[in-house]
Amino acid sequence: MDAVDYQVLKSAAGWLQQGKRVALVTVVRNWGSAPRPLGSLFAITDDGAFTGSVSGGCIEDDLMQRFATAFPERIEVVRYGISAEQMQRFGLPCGGTLELVIEPLHDAVALTPLLDAVTSHRLVQRRLNLRSGHASIEATDADFALRFDEEELLQVFGPRWRLLIIGAGQVSEYLAQMAPALDFSVYLNDPREEQRRNWHADDVTWLDGMPDDAVLAFKPDRRTVIVTLSHDPKVDDMALMEALKTDAFYVGAIGSMASSEARKERLLQLDLSPAQIERLHAPIGLAIMSRSPAEIAVSVLAELVMLRNRGSAVTAPSSCAIGGPDLRIVERP
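Presented here is an overview of the structure given in this document. Computed from a predicted structure; not experimentally measured.

With 26 residues, the main nonpolar core has Leu163, Ile165, Leu175, Val225, Val227 and Leu229 as its most contacted residues. Elements that contribute at least two residues to this core include exactly β10 (161-166), α5 (170-178), β11 (184-189), β13 (224-228) and α11 (293-311). Looking at this core element by element, the count peaks at 6 residues for α11. Those residues in contact with Leu229 that sit more than four places away from it in its chain are Ile165, Ile166, Val171, Ser172, Leu175, Asp236, Ile254 and Ile284.

Right, dumping it as structure tokens:
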């Protein structure tokens with residue numbers, strides 16, 4: 001989950017501990033253009049404090065006005081943007097339609113496992129029964145962010161992607177600082193003692209050993225990203241010769257066009273096939289004319305987000321039928 005949604009859960013738990021009433025709003029379906037993805041969170045209290053977002057601000061404004069009059073007492077499903085009048089009123093772009101689950105929260109303790117999972121880089125899923133209001137949390141290795149039907153909302157929390165950085169330089173520091181906000185748990189390997197002593201970023205898990213051993217022990221899967229940023233062929237090539245044999249989603253190496261071609265020639269001598277070498281993203285990152293370490297880190301993350309979104313696009317269902325005696329669907333006028 002991203003940093004914004006983590007802050008929503010953290011704030012909600014804090015408000016509940018203060019004795020406030022809290023409602024959690026989750027984006028569960030959207031059609032057309034949507035400013036926030038499925039699973040995005042918005043929390044609001046009975047005294048008007050709020051955090052997070054489910055739209056560009058227009059829907060949040062309407063929710064705050066509604067809750068100021070009547071704070072939700074039970075789970076509701078609300079749709080916005082169905083008619084031309086609603087789209088004009090709420091400013092949903094390109095004819096978009098948004099469906100939300102509004103859930104009154106009652107106990108800060110119930111959110112603790114979610115917060116603990118995120119801070120300790122564990123993956124859990126929260127199962128919410130829409131009719132009873134009962135929620136449970138369990139460990140998972142689920143390969144999805146959210147599922148929603150007439151009976152249940154199932155949402156995954158915690159970092160769903162792993163980023164292994166080889167080389168502890170300036171670019172690595174910026175990348176390690178930015179990546180957690182984009183749903184990556186960050187790991188680092190560098191066998192050079194002087195580089196490790198001069199590392200300044202927090203919230204990184206260090207992996208000991210030589211780069212090739214670190215990659216093998218990491219057991220890369222299709223939600224793993226491996227980037228080599230040391231600028232030292234002796235370090236980077238050791239990691240790449242193992243990383244390119246794995247199922248890692250993305251393997252990239254820093255360097256110029258010339259150094260990237262030279263690297264590929266070296267890798268051919270390290271028992272790698274041409275097909276495996278073709279998987280290498282080098283030079284790493286999108287071409288945004290980056291020069292500084294921070295800009296290079298931005299270009300790398302931009303490429304990762306682009307490829308990740310392209311590879312995990314989900315088409316929303318064209319219709320829905322949600323209802324029942326204890327569940328209301330509200331179509332906002």
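For the rest of this paragraph, the subject is the sheet that holds strand β6 (residues 124-129). If you walk across this open sheet you meet the 4 strands as β7-β6-β9-β8, and the pairing is antiparallel. Whereas interior strands pair on both sides, the edge strands pair on one side only; in this sheet they are β7 (135-139) and β8 (146-148). On average, each strand axis in the sheet is inclined to that of its neighbour by 15 degrees, with strand direction left out of account. One ladder, built from 5 bridges, connects β6 with β7; its direction is antiparallel. The residue of β7 that forms the bridge with Gln125 is Glu138. Strands in contact with helix α4 (residues 112-119) are β6, β7 and β9 (152-157); relative to β6, the strand with the most contacts, it is inclined by about 155 degrees.

Checked against the element boundaries, Gly39 lands in the loop between β1 (22-31) and β2 (41-45). Sequence-wise, Gly39 and Val156 are 117 residues apart; in three dimensions their C-alpha atoms are separated by 8.7 Å. Among residues more than four places away in sequence, those in contact with Gly39 are Asp5, Thr26, Val27, Leu146 and Gln155.

Time to look at the pattern of salt bridges. A complete count under the given rule lists 14 salt bridges for this structure. Arg131 is the partner of Glu151 in a salt bridge, and the nearest nitrogen-oxygen pair spans 2.9 Å. Linking Glu151 in the loop between β8 and β9 with Arg131 in the loop between β6 and β7, this pair joins segments that are 20 residues apart in sequence. Under the relative-accessibility criterion, Glu151 is labelled partly exposed at 38%. Each member of the salt-bridge network shares a partner with another, and the members are Arg29, Arg79 and Glu99.

Strands belonging to one sheet form pairs held by backbone hydrogen bonds; the direction of such a pair is parallel or antiparallel. A sheet is described by the order of its strands in space; here 6 strands give the open sequence β12-β11-β10-β13-β14-β15, paired in parallel fashion. Two strands in the sheet have a free side with no partner beyond their single neighbour: β12 (205-206) and β15 (280-281). Looking at chain direction, β10 and β13 are connected through 5 bridges and run parallel. Its bridge partner being in β13, Leu163 is matched across the sheet by Val225. Contacting β10, β11 and β13, helix α7 (residues 211-218) crosses the sheet at an angle of about 170 degrees to β10.

About the thresholds
Throughout, a residue's number is its position along its own chain's written sequence, starting from 1. Thresholds applied to this predicted model are a pLDDT of at least 70 for local features of residues and 80 or more for the giving and counting of side-chain atom pairs; totals over whole chains, interfaces and linings are not thresholded and use all residues. Hydrogens are left out, water is left out, and the side-chain values use all remaining heavy atoms of the structure. Buried Ala, Val, Leu, Ile, Met, Phe, Trp, Tyr and Cys residues form a nonpolar core when they are joined through side-chain atoms within 4.5 Å. Note on classification: 1.4 Å probe, protein chains only; a residue is buried when its accessible area is under 20% of the maximum for its type, exposed when over 50%, partly exposed between these limits. Helix numbering and strand numbering both begin at the N terminus, where a helix is a DSSP run of H or I of at least 4 residues and a strand a DSSP run of E of at least 2. Residue contacts are counted whenever heavy atoms from the two residues lie within 4.5 Å of one another. Each pair of strands is called paired provided DSSP finds at least two bridges between the two strands. Lines are fitted to the C-alpha atoms to define the axes, a helix being fitted only along its stretch in contact, and any angle between axes, read from their N-to-C directions, falls within 0 to 180 degrees. The term salt bridge refers to a pairing of a side-chain nitrogen on Lys or Arg with a carboxyl oxygen on Asp or Glu at a separation within 4 Å.

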